[in-house]
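Here's the letter readout for the chains.
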Amino acid sequence: MSTATTIPGYVVGTWDIDSVHSDIEFTLRHLGVGRSRGRFDGFSGEIVTAENPLDSSVTADIDPATINTGNGDRDAHVRNSDFLDVEKFPKAGFRSTGIRQDGSDYVIDGEFTLHGVTKPVSLAAELGGFTDNGQGGTLLGISASTTINRTDFGVGPEGGAMLGEKVKITLEIEANLRAE
């Protein structure tokens, strides 16, 4: 793809992630047989759609203290120094370094920072499209996912039977076109 005209309804601009209508969720194995799920409730970010979609960019900031697994005791444990250590590492985030096409979908390459460690990650992304947001503005939708190894970021014990090391991160993002 070389131009924006190949994406129906494509809109060039700067978009603010709508955290009310977006989700950052994760899943990992528990005791090798089940799955534990959670989300981060505090995040913000920006998407810049360029004339050439492959020149676009994404940044996101995540507050790891807002982890929500549906269990207050577990959340408190995950926030402490055994796992996320949110007092020492109060920020996590993603910065794209490039976008490439993969069939009809896209891959967003970038750097993910968690627990004070930055590593390259690639997000498999699907553009949901562009539409009127019902309030006189324009809305962008995108879904993306990746899998990381939590121990690569120094989170939790290595090789523990309690929690799997692979963590699937899923993003459902809606962003509003910034008025300029």
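Structure's up top.
In this report, the structure presented in the accompanying data block is examined. (Residues numbered from 1 in each chain as written. Predicted model: local features only at pLDDT ≥ 70, side-chain atom pairs only at ≥ 80, totals over all residues. Heavy atoms only, no water.)

1. Details of the overall build of the protein chain
(1) Moving on: Per the secondary structure count, the protein chain includes one helix and eleven strands.
(2) Moving on: Taken over C-alpha atoms, the radius of gyration comes to 17 Å for the protein chain, in line with the 16 Å a tight globule of 180 residues would show.
(3) Moving on: When the backbone C-alpha atoms are referred to their principal axes, the protein chain occupies close to 50 × 35 × 30 Å.
(4) Moving on: Looking at the 180 residues of the protein chain, the share that counts as buried comes to 41%. (Helix = DSSP H or I, 4+ residues; strand = E, 2+ residues; numbered from the N terminus. Rg over C-alpha atoms; globule rule 2.2 N^0.38 Å. Buried < 20%, exposed > 50% of the residue type's maximum accessible area, 1.4 Å probe, protein only.)

2. Remarks on the nonpolar core
(1) Moving on: Of all hydrophobic cores here, the largest spans 39 residues; its most connected members are I47, L84, I108, F112, L114 and I148.
(2) Moving on: A per-element tally of this core places strand 11 (residues 163-177) first, with five residues.
(3) Moving on: Among all residues touching L84, those that are not within four sequence positions of it are F40, P64, I67, V78, R79, F89, L114, H115 and V155. (Core = buried A, V, L, I, M, F, W, Y, C linked by side-chain atoms within 4.5 Å. Contact = heavy atoms within 4.5 Å.)

3. Thoughts on unusual backbone geometry
(1) Moving on: With phi around 50°, D85 is a residue other than glycine that occupies positive phi space.
(2) Moving on: Note that D85 resides in the loop between helix 1 (72-79) and strand 7 (92-102).
(3) Moving on: Judged by its relative accessible area of 17%, D85 falls in the buried class.
(4) Moving on: Within the chain, H115 stands out as a residue other than glycine whose phi angle is a positive 60°.
(5) Moving on: Mapped onto the elements of the fold, H115 is located in the loop between strand 8 (105-114) and strand 9 (117-132).
(6) Moving on: A relative accessible area of 14% means that H115 is categorised as buried.

4. Thoughts on the packing of aromatic side chains
(1) Moving on: Counting across every chain of the model gives four aromatic pairs.
(2) Moving on: Centroid distance Y10 to F130: 5.5 Å. Interplanar angle 75°. Geometry classified as edge-to-face. With Y10 in the segment before strand 1 (13-17) and F130 in strand 9, this residue pair connects regions lying 120 residues apart in the sequence.
(3) Moving on: The class for F130 is buried, based on a relative accessible area of 16%.
(4) Moving on: Plain terms: the ring middles of W15 and F130 are 5.6 Å apart, the flat faces sit at 50° to each other, and that makes the pair tilted. Within this pair, whereas W15 is found in strand 1, its partner F130 is found in strand 9, the two being separated by 115 residues in sequence. In this structure, W15 and F130 share a single accessibility class: buried. (Phe/Tyr/Trp six-rings, centres within 6.5 Å; stacked < 30°, edge-to-face > 60°.)

5. Points about a negative patch on the surface
(1) Moving on: Together, D102, D105, E126 and E172 give the surface a local cluster of negative charge.
(2) Moving on: Among the structural elements, D105 can be located in strand 8. (Patch = residues over 30% accessible without salt bridge, like charges linked within 9 Å, V, L, I, M, F, W, Y side chains within 5 Å. Areas by Shrake-Rupley, 256 points an atom, 1.4 Å probe, with all protein chains shown as cover. Salt bridge = Lys/Arg side-chain N within 4 Å of Asp/Glu carboxyl O. Lys, Arg positive; Asp, Glu negative; His and termini not counted. Charge placed at Lys NZ, Arg CZ, Asp CG, Glu CD.)

6. Remarks on the environment of Y106
(1) Moving on: Residue position: Y106 is located in strand 8.
(2) Moving on: Overall, the relative accessible area of 12% leaves Y106 in the buried class.
(3) Moving on: On a C-alpha basis, the gap between Y106 and A144 in space is 9.1 Å, while along the polypeptide they are 38 residues apart.

7. Concerning a nonpolar patch on the surface
(1) Moving on: Taken together, L31, V33 and M162 make up a surface patch of nonpolar side chains, about 340 Å² in accessible area.
(2) Moving on: As for its placement among the helices and strands, L31 is situated in the loop between strand 2 (23-30) and strand 3 (34-40).

8. Topic: the pairing of strand 11
(1) Moving on: Inspection of the sheet shows strand 1 paired to strand 11 by three bridges, in the antiparallel sense. Within strand 11, the residue paired with D16 across the bridge is N176.
(2) Moving on: With seven bridges connecting them, strand 2 and strand 11 associate as antiparallel partners. Along strand 11, the bridge assignment pairs I24 with L171.
(3) Moving on: Relative to strand 11, strand 10 (residues 138-149) runs antiparallel, the two sharing eleven bridges. Along strand 11, the bridge assignment pairs S145 with T170. (Pairing = 2+ DSSP bridges.)

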